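# A look at the structure
Below are the chains, spelled out letter by letter.
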Amino acid sequence: MSSTDAVTFWDGVYAGRPAADGPRPNARLTETVTGLGLPPGEALDLGCGEGGDALWLAGQGWRVSAVDISAVAVERLTALARAQALGDRVLAGRHDLQESFPPGDFDLVCAHYLHTPFGLDRSAVLRSAAHALRPGGRLLVVDHGSTAPWSWNQDPDPRYPSPREVADGIDPAPDTWTVERADTPRRIATGPDGRTAEVTDHVLLIRRTA
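Here the structure is a predicted model, which means the values were calculated and not measured.

## Some remarks on the overall build of the protein chain
- A count of helical and extended segments in the protein chain gives six helices and eight strands.
- Secondary structure elements of the protein chain occur, N-terminal to C-terminal, as α-α-β-α-β-α-β-β-α-β-α-β-β-β.
- Radius of gyration (C-alpha) of the protein chain: 16 Å, near the 17 Å computed for a compact globule of 210 residues.
- For the protein chain, the spread of C-alpha atoms along the three principal axes comes to 45 × 45 × 35 Å.
- By residue count, 43% of the 210 residues in the protein chain fall in the buried class.
- Summarising the internal contacts of the protein chain: among those between residues at least 6 apart in sequence, 71% fall at separations of at least 24.
- Split by element, the accessible area of the protein chain, about 10,100 Å² in all, is 48% carbon and sulfur.
- If the 20 positive side-chain charges of the protein chain are averaged to one point and the 28 negative ones to another, these points end up 4 Å apart.

If you want it as structure tokens, here you go:
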């Protein structure tokens, strides 16, 4: 399937949802940044959607580059950042990660639920993300480990790679990167329609040491 198909699909996903006044940040992001006491710096949000993570980070003092393949999502995030007086801290742009990786060096790169039914070499994207870290920077990858009732993907027999499998795909050299977390916690999540369900997250946290 072409990049045009992917753009059409994801624009349709976001256009089919009411625009959120304040999209929620992902729980694994807030617990990681808060729990580790990460000082504000430069962050990159891959697959930012409508921007709950980017807006939360900006509110904590981070400068955030946020990218998504959907122009609808990017436009909504840009409008929300301006409305919340965070326009100077959030730079949102449409970007196809299948074609290229955003330029720059970062203290935090996050990729939450970067799943798609279209062609995407995720391992290559995440390797580029690891290389985009400054020394001491973190790459946070959070994947689905279960299917929520509201998910666009209702495959009856899905396979969710474990965090260690995702790390193996990145192949972080031990003298340059350290895997700080690779686990599968559960939580109660709330979907876009207000429904709640228990879900499993696959969490991978990598730190660049050199």
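Read on, since the account is not over.
## Things to note about helix H3 (residues 52-59)
- The element H3 is extensively covered by neighbouring structure, given that seven of its eight residues are classed as buried.
- Inspection of H3 places Gly52, Asp53, Ala54, Leu55, Trp56, Leu57 and Ala58 among the buried residues, and these make up the whole buried set.
- Elements in contact with the buried residues of H3: helix H2 (27-36), strand S1 (42-46), strand S2 (63-68), helix H4 (71-83), strand S3 (90-94) and strand S4 (106-112).

## Observations regarding H4
- Across its 13 residues, H4 extends 18 Å between first and last C-alpha, which sits within 8% of the 18 Å expected from 1.5 Å per residue.
- As for H4, its buried residues are in contact with helix H1 (3-15), H3, S2 and S3.
- One or two residues past the end of H4 sits alanine 85, with phi positive at roughly 60°.

## As for the nonpolar core
- Of all hydrophobic cores here, the largest spans 25 residues; its most connected members are Leu29, Val33, Leu57, Trp62 and Val64.
- Of all the elements, H3 adds the most residues to this core, at five residues.
- Among residues more than four places away in sequence, those in contact with valine 33 are Leu38, Trp56, Leu57, Trp62 and Leu108.
- Ranked by size, the runner-up nonpolar core spans 22 residues in total, among them Val109, Val125, Leu126 and Ala129.

## Here's the deal with the packing of helix H5 (residues 122-131) against helix H6 (residues 163-170)
- Two elements in contact, H5 and H6, have axes whose closest approach is 8 Å; the angle formed by their N-to-C orientations is 75°. Relative to H6, H5 is oriented roughly perpendicular. Residues Arg122, Ser123, Leu126, Arg127 and Ala130 of H5 pack against Val166, Gly169 and Ile170 of H6.
- Considered class by class, the residues forming the contact of H5 with H6 number four nonpolar, two polar and two charged.

## Some details on the pairing of strand S5 (residues 133-144)
- Inspection of the sheet shows S4 paired to S5 by six bridges, in the parallel sense. Note that in S5 the partner of phenylalanine 106 across the bridge is leucine 133.
- At this point the chain moves from S4, through H5, to the parallel S5, and the crossover so formed is right-handed.
- Pairing between S5 and strand S8 (residues 196-208): seven bridges, direction antiparallel. Opposite valine 142, over in S8, you have valine 203 as the bridge partner.

Cut-offs applied
- Residues numbered from 1 in each chain as written.
- Predicted model: local features only at pLDDT ≥ 70, side-chain atom pairs only at ≥ 80, totals over all residues.
- Heavy atoms only, no water.
- Helix = DSSP H or I, 4+ residues; strand = E, 2+ residues; numbered from the N terminus.
- Rg over C-alpha atoms; globule rule 2.2 N^0.38 Å.
- Buried < 20%, exposed > 50% of the residue type's maximum accessible area, 1.4 Å probe, protein only.
- Contact = heavy atoms within 4.5 Å.
- Areas by Shrake-Rupley, 256 points an atom, 1.4 Å probe, with all protein chains shown as cover.
- Lys, Arg positive; Asp, Glu negative; His and termini not counted.
- Charge placed at Lys NZ, Arg CZ, Asp CG, Glu CD.
- Expected span 1.5 Å × (residues − 1).
- Core = buried A, V, L, I, M, F, W, Y, C linked by side-chain atoms within 4.5 Å.
- Axes fitted to C-alpha atoms, helices over the stretch in contact; angles between N-to-C directions.
- Parallel < 35°, antiparallel > 145°, perpendicular 65-115°, else oblique.
- Nonpolar A, V, L, I, M, F, W, Y, C, P; charged D, E, K, R; others polar.
- Pairing = 2+ DSSP bridges.
- Right-handed = clockwise from strand over helix to strand, strands pointing away.

Function cannot be read off these values alone, since they describe shape.
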